[in-house]
Every structure is written in structure tokens, then in C-alpha cells.
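Notes for the structure review
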Amino acid sequence: KRMETFNDETYNSYVGTNTAWFEPYVPVAVAKVAGTAAGSSWIGGSLLPATLAYATVKGVGWTDWGNRGLNDHEMKLNGLLKK
């Protein structure tokens, strides 16, 4: 059972992390659209790229160790919590 879980989670992590390739390009795109100051700011250069990468990775298959990577609210939204 442990090996099965390890293999499943490793595969999910591998598939999900392959979607984060765009992270270094986000500040450049923000700078082109909103100006150099926006691209080099904390929001455009750090917060936005990290948030987009996490959302993409989590949405494609990566899950945190534990309860499938979902918090209680997300589990309730997906009908996974017993009422």
C-alpha cells in the first residue's frame, strides 16, 4: 500500500510540476503589459508568478501530502466531506 501511494503521488507531482515552466516569464509579461515598474514590483515579480504556478500545478495533478492536498473547504465543495 505504501509503495502504491508513493507511486501515485510521485506521478502526480511530476505531471503537475511540468506545468510551472512559465513562472520566470510572468514578470516579463507583466512588464510588457503594465510597465517596467509593475513587472519589477513584489506583486508582478514574485506574488503573481508564484500564485499562477501553484494554481496551475495544483489544478493539473500535483497534490500536497496528506488529505489529497485539499483543505476542508475544498473537500466540502467537491463533496468529499461527510456531513
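Residues numbered from 1 in each chain as written. Predicted model: local features only at pLDDT ≥ 70, side-chain atom pairs only at ≥ 80, totals over all residues. Heavy atoms only, no water.

**Examining the overall build of the chain**
What counts, and what does not: Numbering of helices and strands starts at the N terminus; helices are DSSP runs of H or I of at least 4 residues and strands are runs of E of at least 2. The classification of residues rests on relative accessible area computed with a 1.4 Å probe and restricted to protein chains. Under 20% of the type maximum is buried, over 50% is exposed, and intermediate values are partly exposed. The contact criterion used throughout is that any non-hydrogen atoms of two residues lie within 4.5 Å.
Helix and strand counts for the chain stand at five helices and zero strands. If you list the helices and strands of the chain from N to C, you get α-α-α-α-α. Looking at the chain as a whole, 23% of its 83 residues are labelled buried. Counting contacts in the chain only where the partners sit at least 6 residues apart, residues at least 24 apart contribute 48% of the total.

**Things to note about helix H2 (residues 26-34)**
Applicable threshold: Taking the helix axis as origin, the arc is that swept by the directions to the C-beta atoms.
Turning to H2, its buried residues are Val-26, Pro-27 and Val-30. Around the axis of H2, the buried residues are gathered within 95° of arc, so they sit on the same side. Away from the buried face of H2 by more than 90 degrees, exposed residues Val-28 and Lys-32 are located. A positive backbone phi angle near 105° is found at Gly-35, which sits one or two residues after H2.

**Focus: a nonpolar patch on the surface**
Here is the rule we go by: Only residues whose relative accessible area exceeds 30% and that form no salt bridge enter a patch; like-charged residues are grouped when within 9 Å of one another, and nonpolar side chains (Val, Leu, Ile, Met, Phe, Trp, Tyr) when within 5 Å. To measure how exposed things are, a 1.4 Å probe is used in the Shrake-Rupley method; for residues, cover is taken only from the protein chains shown. Between Lys or Arg on one side and Asp or Glu on the other, a salt bridge is scored when a side-chain nitrogen of the former is within 4 Å of a carboxyl oxygen of the latter.
On the surface, a cluster of nonpolar side chains totalling about 350 Å² of accessible area is made up of Trp-42, Ile-43 and Leu-47. As for its position among the elements, Ile-43 is in helix H4 (residues 42-60).

**Comments concerning the packing of aromatic side chains**
Under the convention used in this document: In this scheme Phe, Tyr and Trp rings, the latter by its six-membered ring, pair at centre separations within 6.5 Å, and the angle between planes marks the pair as stacked below 30 degrees, edge-to-face above 60, and tilted otherwise.
Counting across every chain of the model gives two aromatic pairs. Aromatic rings pair up to connect Trp-21, Phe-22 and Tyr-25 into one cluster.

**Digging into the environment of Tyr-54**
Relative to the assigned elements, Tyr-54 resides in helix H4. A relative accessible area of 38% means that Tyr-54 is categorised as partly exposed. Considered as a pair, Tyr-54 and Thr-17 are 37 residues apart in the sequence and their alpha carbons are 9.0 Å apart.

**Here we look at the confidence of the model for the chain**
Threshold: Every residue gets a pLDDT, meaning the predictor's confidence in that residue, from 0 to 100.
Overall, the prediction assigns the chain a mean pLDDT of 79, with 78% of residues at 70 or greater. Put simply, helix H1 (residues 2-17) is where the chain has its lowest mean pLDDT, 75, and H2 is where it has its highest, 94.

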